[in-house]
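Spelled out from the first residue to the last, the chains are:
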Amino acid sequence: MTGNEESQKYDRKSFLIHDFCLRENLRTYDPYDIWKTSQGIWVKNLFNTSRLLGALPALALTLYDQLINNNIRLGYKKQEYPIVRALAAQTLLSEYKRLNSGNLLEGAEIHLRWLEENASKGYSGACWGLGFRWSAFKNVVYDENTPHTTHTPYALEAFHLFTQITGNSKFVELIKSCFMYYEKDVCVMYEDDRMMAVSYGPFKDKTVTNASSYTLYAYSIFLDYFPEMREYILNKMQKLYRFIVANQMSDGSWFYSPDNNSFIDCFHSCIIVKNLIKTNINEKIEGIEAIINNGWKYISEQFFNSEYGLYKRFTKKNKLSLTKFDLYDNAEVLNLTNLIGDNKKAKELDAAIDCYFINSKNIYSVIDYFAIKRNKNTLRWAVMPYLYALSGIK
């Protein structure tokens, strides 16, 4: 790559991150907008209860959303999401480490203050969730205030990163408060003398492998703030880790839920490996490298589409989809290449993302089977995960 091309690459990266992440208002449309409507919630709940009865209504709403209302977005409302604020803060902090620019730090703190003010209410400690009502599983509907073990770590990591970079302790008590959410509100779904799995939300809902991986990573952060509880935290981490290992298939894959043969998708697979890598950075775990390498081998070989240079949605699916490629999958793979240190693969994947998902100043989250870009500038899914991964490319 020539010096001019390197400069253009830097300019593009810097422009996209500044343009999206330095906004004070991060209200956004979302791919789940259709499923947040009263009709969408009813249909999704019906589908989760009975696929036979819910399949046709779900297909009808999907076709309406994707083919008719995707650009117009009639009846949809922009809103803020905690994960968007958390990833925007992390992205700006990553850029601040590289550029040492005060406006990046100020922008990150704006997002952190928003998170502080918009934590879920009524729980034992600081926690965050999706921010909208969601019919997730059979007989499980979360409300707008429900926190999740899969969302809280993004805010936790943002506050932790700010504390590490600045040496400022202004958010330490909030971080410690978050520990109480995990201790008091998160439920144990399974536990024996060797391993444990935790809930997705603050009640016994469903055993999901990535929820335990997020919780493992969260506890590795808490080690810094509760040195007097080190043995207790390490014991819990070992149990969570053994559960994740026990549910990894011989080929390196994980089903979304070990309760049944649900599905194997790209971004959830990446999330598990990502959380294992970041946990191991915080606290070394014996034998974890083999688990990470096996998971990464499966992702890099089984999800990769060499024709497009992108990573596909599923290797095992349990429902129909119009999506050919999803930015979320590719953003999480890009993040993994950064963590693994494969800079060549990171740049190759980012070039493919730029080619297929980005048009001028707009970033799209989906390429459908008609080769049409859809879901323009939807920050939660998956512009902000992409920008965070982009900030990590060397």
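Residues numbered from 1 in each chain as written. Predicted model: local features only at pLDDT ≥ 70, side-chain atom pairs only at ≥ 80, totals over all residues. Heavy atoms only, no water.

1. Considering the nonpolar core
Core analysis: the largest hydrophobic core is formed by 119 residues, its most contacted members being Phe159, Phe222, Leu276, Ile363, Tyr386 and Leu387. For this core, the element with the most residues is helix 15 (residues 379-391), which contributes ten residues. Every residue in contact with Phe159, bar those within four places of it in the chain, is listed here: Leu112, Leu115, Glu116, Trp128, Phe171, Leu174 and Ile175. Core analysis: the next-biggest nonpolar cluster, separate from the first, contains seven residues, Ile34, Val43, Phe47 and Leu61 among them. (Core = buried A, V, L, I, M, F, W, Y, C linked by side-chain atoms within 4.5 Å. Buried < 20%, exposed > 50% of the residue type's maximum accessible area, 1.4 Å probe, protein only. Helix = DSSP H or I, 4+ residues; strand = E, 2+ residues; numbered from the N terminus. Contact = heavy atoms within 4.5 Å.)

2. A look at a nonpolar patch on the surface
A cluster of nonpolar side chains, namely Leu56, Leu59, Leu63, Tyr64, Leu67, Ile68, Ile72, Leu74, Phe370 and Ile372, defines an oily patch on the protein surface of about 990 Å² accessible area. Inspection of the secondary structure puts Ile68 in helix 4 (residues 51-68). On the accessibility criterion, Ile68 (55% relative accessible area) is exposed. (Patch = residues over 30% accessible without salt bridge, like charges linked within 9 Å, V, L, I, M, F, W, Y side chains within 5 Å. Areas by Shrake-Rupley, 256 points an atom, 1.4 Å probe, with all protein chains shown as cover. Salt bridge = Lys/Arg side-chain N within 4 Å of Asp/Glu carboxyl O.)

3. Considering the packing of helix 5 (residues 82-99) against helix 15
Where helix 5 meets helix 15, the closest approach of the two axes is 9 Å, and the angle between their N-to-C directions is 15 degrees. Relative to helix 15, the element helix 5 lies roughly parallel. Crossing geometry of helix 5 relative to helix 15 is assigned as left-handed. Residues Ile83, Val84, Leu87, Ala88, Gln90, Thr91, Ser94 and Glu95 of helix 5 touch helix 15, and the partners they reach there are Leu379, Arg380, Met384, Pro385, Leu387, Tyr388 and Ser391. Of the residues assigned to the contact of helix 5 with helix 15, the class counts are nine nonpolar, four polar and two charged. (Axes fitted to C-alpha atoms, helices over the stretch in contact; angles between N-to-C directions. Parallel < 35°, antiparallel > 145°, perpendicular 65-115°, else oblique. Left-handed = near helix turned anticlockwise from the far one by under 90°. Nonpolar A, V, L, I, M, F, W, Y, C, P; charged D, E, K, R; others polar.)

4. Describing the packing of aromatic side chains
Inspection of every chain in the model, using the stated rule, returns 30 aromatic pairs. Their ring planes at 55 degrees and their centres at 4.9 Å tell us that Phe159 and Phe171 sit as a pair that is tilted. Within this pair, whereas Phe159 is found in helix 7 (residues 152-166), its partner Phe171 is found in the loop between helix 7 and helix 8 (172-184), the two being separated by twelve residues in sequence. The class of Phe159 is buried, set by a relative accessible area of 1%. Phe171 gets classed as buried once you look at its relative accessible area, which sits at 0%. (Phe/Tyr/Trp six-rings, centres within 6.5 Å; stacked < 30°, edge-to-face > 60°.)

5. Structural notes on helix 3 (residues 38-49)
For an α-helix, the turn length of 3.6 residues means that residues three or four places apart are oriented alike. With twelve residues, helix 3 should reach 16 Å at 1.5 Å per residue; the first-to-last C-alpha distance of 17 Å fits that figure. For helix 3, the set of buried residues is Gly40, Ile41, Val43, Lys44, Phe47 and Asn48. Projection of helix 3 onto a plane perpendicular to its axis shows the buried side chains occupying an angular sector of 170 degrees, all on one side. Helix 3 presents Ser38, Gln39 and Trp42 as exposed residues on the side facing more than 90 degrees away from its buried surface. Considering only its buried residues, helix 3 is in contact with helix 2 (33-36), helix 4 and strand 1 (134-137). (Expected span 1.5 Å × (residues − 1). Arc of directions from axis to C-beta.)

6. As for the pattern of salt bridges
Counted by the stated rule, this structure contains 21 salt bridges. The partner of Arg23 in a salt bridge is Asp19, with the nearest N and O atoms 3.7 Å apart. Here Lys297 makes a salt bridge to Glu301, at a shortest N to O gap of 3.3 Å. Taken as a pair, Lys297 and Glu301 lie in helix 12 (residues 288-302) at a separation of four residues, close to a single helical turn. Given a relative accessible area of 44%, Lys297 falls into the partly exposed group. Residue Glu301 is classed as partly exposed on the basis of its relative accessible area, which comes to 46%. What emerges from the salt-bridge pattern is a single network uniting Glu109, Arg113, Glu116 and Lys170.

7. Here we look at helix 7
Relative to the 21 Å expected for 15 residues at 1.5 Å per residue, helix 7 spans 22 Å between its end C-alpha atoms, a close match to the ideal helical length. In terms of residue burial, helix 7 counts as a mostly covered element, since twelve of its 15 residues are buried. Every buried residue of helix 7 is listed here: Thr152, Pro153, Tyr154, Ala155, Leu156, Glu157, Ala158, Phe159, His160, Leu161, Phe162 and Thr163. Residue Gly167 follows helix 7 closely and has a positive phi angle near 75 degrees.

8. Structural notes on unusual backbone geometry
The linkage connecting Trp381 with the following residue, Ala382, adopts the cis geometry, with an omega of 10 degrees. Summarising the element assignment, Ala382 is placed in helix 15. In this structure, Ser360 is a non-glycine residue whose phi angle is positive, near 60 degrees. By the element assignment, Ser360 lies in the loop between strand 10 (358-359) and strand 11 (362-368). Judged by relative accessible area, which is 63%, Ser360 ranks as exposed. Although it is not a glycine, Asn375 adopts a positive phi angle of roughly 65 degrees.

9. A look at the packing of helix 8 against helix 9 (residues 209-222)
For the pair helix 8 and helix 9, interaxial distance at closest approach is 10 Å and the crossing angle is 140 degrees. With respect to helix 9, the element helix 8 is oriented oblique. Classified by chirality, the crossing of helix 9 by helix 8 is left-handed. Contacts between helix 8 and helix 9 pair Ile175, Cys178, Phe179, Tyr182 and Glu183 from the former with Thr215, Ala218, Tyr219 and Phe222 from the latter. In terms of residue class, the contact of helix 8 with helix 9 is built from seven nonpolar, one polar and one charged.

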